[in-house]
Amino acid sequence: MPGMSLLDACGRPLRNLRLSVTDRCNLRCEYCMPEENYVWLPREDLLHFEEISLLVDVFIGLGVDKLRITGGEPLLRRDLPTLVKMVADKPGLADLAMTTNGILLADSVDALKAAGIRRVTVSLDTLRPERFVALARFNELERVRKGIAAASRAFGELKIDTVVIRGVNDDELVDLIDYGRSVNAEVRFIEYMDVGGATHWSPERVLSRQEMVARLAAHYGGVEAVPATSSAPADRYRLADGTVFGIISSTTEPFCRDCDRSRLTADGMWYLCLYAVRGTDLRAALRDGASRTELERIVTDAWQARTDRGAEIRLALGDRRAFVPLRSLRQDPHLEMHTRGG
Ligand code: SAM
Ligand code: SF4
Ligand code: SF4
């Protein structure tokens, strides 16, 4: 029954699923994985492709029509194109995208496109090699740029996501927009969020949407707001030459009221919000032999009871610091952003 509209307790439909295929990563971005050591999900807990495919059927049956593959770094998952092929042609799926750090993209983009990935977003926070190493701990900027070039060639266009941190990369907004233009990428600036994993977060390090717009308007001589056409989280703006960029103001102006997304971790825990501290263990249900109807019931009940609006609640707090202390992240790695998939 594709397209059925399941609403949560605030009237928000279940539409978007972010599917994390691994919690491992080949970078250590300071806003996501700043620590020296991590507790990884046990390998035997990772969902097999058949299990993921079955859960995707359940979600599509309940209204999900947009799927985004993420991680950790999704390209570290072996045989990813095989999984993509298994889900790409499912009736009812309108969009199949992937978010990646781009390091391994040049070698895999053609196979992923052939398998059915329709859009790619590459995360890139700086164009300066020494800054890239300081931010992400590995000297990989060149490979990321090659990955972006390959995606641009394969798909004709792409998105670039940049987490902006005051005093770290906030002097590169213009350079990144200009670079995006050269590779046919729409750049989206993301406000630094105090999610699990962001243990170095502080309010002073957030550059707000308002400040970004003011700086860019001053440089380019004005920016024009582009009217929203979907529930996508980015506010979009156009420069005089037609270049479009976006800003995702998750920290200072959250958009929970329209939030239709949920997250499935690589080991089958389903989270209704980036800030949710508890999830639903769909792996356990699957491996206990739950039927498709039983899985649909579990998902339906959880979504219908959903009242999550984590970022709005965080904003109302006033005195804010990192959302999850390190010891809690160690006790439950599901709280980590790299496990949830962003
Ligand atoms: N490894 C892939 C990548 O970096 O694109 C996919 C997973 S990553 C967790 C997904 C997205 O989450 C990235 O675009 C990343 O920039 C974003 N992210 C991680 N931590 C964040 C934070 N503290 N604030 C805002 N965005 C964050
Ligand atoms: Fe960076 Fe993505 Fe890896 Fe997090 S998961 S450390 S954002 S590359
Ligand atoms: Fe959705 Fe939670 Fe993010 Fe709000 S904080 S937009 S409810 S995931």
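Structure: see above.
Here goes a summary of the coordinates provided.

Glancing now at the site of ligand 2. Every residue close to ligand 2 is listed here: Cys-25, Leu-27, Cys-29, Tyr-31, Cys-32, Met-33, Gly-72, Asn-101 and His-338. Residues that form the shell around ligand 2 fall into these classes: 6 nonpolar, 3 polar and no charged.

Now for the site of ligand 1. The local shell around ligand 1 holds 20 residues, among which Tyr-31, Gly-72, Ser-123, Val-163 and Met-193 are the closest. Taking Glu-73, its side chain carries an N or O atom lying 3.4 Å from a nitrogen atom of ligand 1. In the environment of ligand 1, an oxygen atom lies 3.3 Å from a nitrogen or oxygen atom belonging to the backbone of Thr-100. Summarising the interface, the protein chains cover 95% of the accessible area of ligand 1, which totals 550 Å² for the free molecule. Taken together, the elements giving at least two residues each to the shell around ligand 1 come down to β3 (95-100) and β6 (185-191).

Our focus in this paragraph is the sheet that holds strand β4 (residues 119-123). What holds strands together in a sheet is hydrogen bonding between their backbones, with the strands either parallel or antiparallel. Ordered by their spatial adjacency, 12 strands build an open sheet running β7-β8-β9-β6-β5-β4-β3-β2-β1-β10-β11-β12, and the pairing between neighbours is mixed. Of all strands in the sheet, those with a lone pairing partner are β7 (224-226) and β12 (280-281), marking the two edges. As judged from the 4 bridges shared by strand β2 (residues 66-70) and β3, these two strands associate in the parallel manner. Along β3, the bridge assignment pairs Leu-67 with Leu-96. Along the sheet, helix α5 (residues 141-155) contacts β4 and β5 (158-164); its crossing angle with β4, the most-contacted strand, is approximately 160°. Relative to β6, helix α6 (residues 173-182) is tilted by about 150°, and along the sheet it contacts β5, β6 and β9 (244-248).

Judged by nonpolar contacts, the single largest core of 105 residues is most densely connected at Leu-124, Phe-189 and Trp-270. Apart from residues lying up to four places away in sequence, Trp-270 is in contact with Leu-14, Leu-17, Phe-59, Ser-262, Arg-263, Leu-264, Gly-279, Thr-280, Leu-282, Val-299, Ala-302 and Trp-303.

Each full turn of the α-helix corresponds to 3.6 residues, which orients residues three or four apart in the same direction. Of the positions making up helix α4 (residues 129-136), those classed as buried are Arg-131, Phe-132, Leu-135 and Ala-136. An end-on view of α4 places all buried positions within 110° of arc, on one side of the element. What points out from α4, more than 90 degrees from its buried face, is the exposed set Glu-130 and Ala-134. Contact partners of the buried residues in α4: α5. Positive backbone phi, approximately 70°, marks Arg-137, located one or two places after α4.

Relative to the helices and strands, Phe-245 is located in strand β9. In this structure Phe-245 comes out as buried when scored by relative accessible area, which is 0%. Taking C-alpha positions, Phe-245 is 5.1 Å from Val-187, a pair spaced 58 residues apart along the chain. Apart from residues lying up to four places away in sequence, Phe-245 is in contact with Ile-177, Glu-186, Val-187, Phe-189, Leu-216, Val-223, Asp-235, Arg-236, Tyr-237 and Leu-239.

About the criteria used
- Residues numbered from 1 in each chain as written.
- Chains lettered and ligands numbered in written order.
- Predicted model: local features only at pLDDT ≥ 70, side-chain atom pairs only at ≥ 80, totals over all residues.
- Heavy atoms only, no water.
- Near = heavy atom within 4 Å.
- Nonpolar A, V, L, I, M, F, W, Y, C, P; charged D, E, K, R; others polar.
- Polar contact = N/O pair within 3.5 Å; in protein donor to acceptor, adjacent residues only side chain to side chain.
- Areas by Shrake-Rupley, 256 points an atom, 1.4 Å probe, with all protein chains shown as cover.
- Helix = DSSP H or I, 4+ residues; strand = E, 2+ residues; numbered from the N terminus.
- Pairing = 2+ DSSP bridges.
- Contact = heavy atoms within 4.5 Å.
- Axes fitted to C-alpha atoms, helices over the stretch in contact; angles between N-to-C directions.
- Core = buried A, V, L, I, M, F, W, Y, C linked by side-chain atoms within 4.5 Å.
- Buried < 20%, exposed > 50% of the residue type's maximum accessible area, 1.4 Å probe, protein only.
- Arc of directions from axis to C-beta.

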